[in-house]
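# Residue-level structural notes
Residues per chain, in single letters:
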Amino acid sequence: MLIYFEDVDAVVDRAVSAGAKLLQPPTDQFWGDRSCKLQDISGHTWMFATRKEDVSPEEMNKRAAAMFGS
């Protein structure tokens with residue numbers, strides 16, 4: 001499940017303080033999100049994100065090609 005928040009970094013800090021396990025730290029993604037992955041105390045995996053920028057399909061393709069070497 002992916003949930004968007006205003007400030008993903010603040011949400012991660014609160015979640016980890018409450019006992020969540022950080023599986024993937026907040027990272028800027030080529031499609032314009034800053035996202036992370038956590039596991040709650042019951043073992044469920046969550047993805048949280050903040051939309052940082054709206055990226056056009058052309059720019060997204062360009063960034064993906066640069067990242068994956070295509």
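First, a word on scope: everything that follows refers to the structure included in this document. Note that the coordinates shown come from a computational prediction; the quantities given were computed from them, not determined experimentally.

Among the seven residues of strand β3 (residues 33–39), five are classified as buried, and the element is accordingly described as predominantly covered. In terms of strand pairing, strand β2 (residues 21–28) meets β3 through five bridges, oriented antiparallel. Considered in β3, the bridge of Q24 is made with K37. The turn joining β2 and β3, which pair antiparallel and follow one another in sequence, is formed by four residues; a positive phi near 110° is taken by G32. The sheet contact formed by β3 and strand β4 (residues 45–51) spans seven bridges and is antiparallel.

Procedures and definitions
- Residues numbered from 1 in each chain as written.
- Predicted model: local features only at pLDDT ≥ 70, side-chain atom pairs only at ≥ 80, totals over all residues.
- Heavy atoms only, no water.
- Buried < 20%, exposed > 50% of the residue type's maximum accessible area, 1.4 Å probe, protein only.
- Helix = DSSP H or I, 4+ residues; strand = E, 2+ residues; numbered from the N terminus.
- Pairing = 2+ DSSP bridges.

Note that all results are geometric; they support no functional claim without further evidence.
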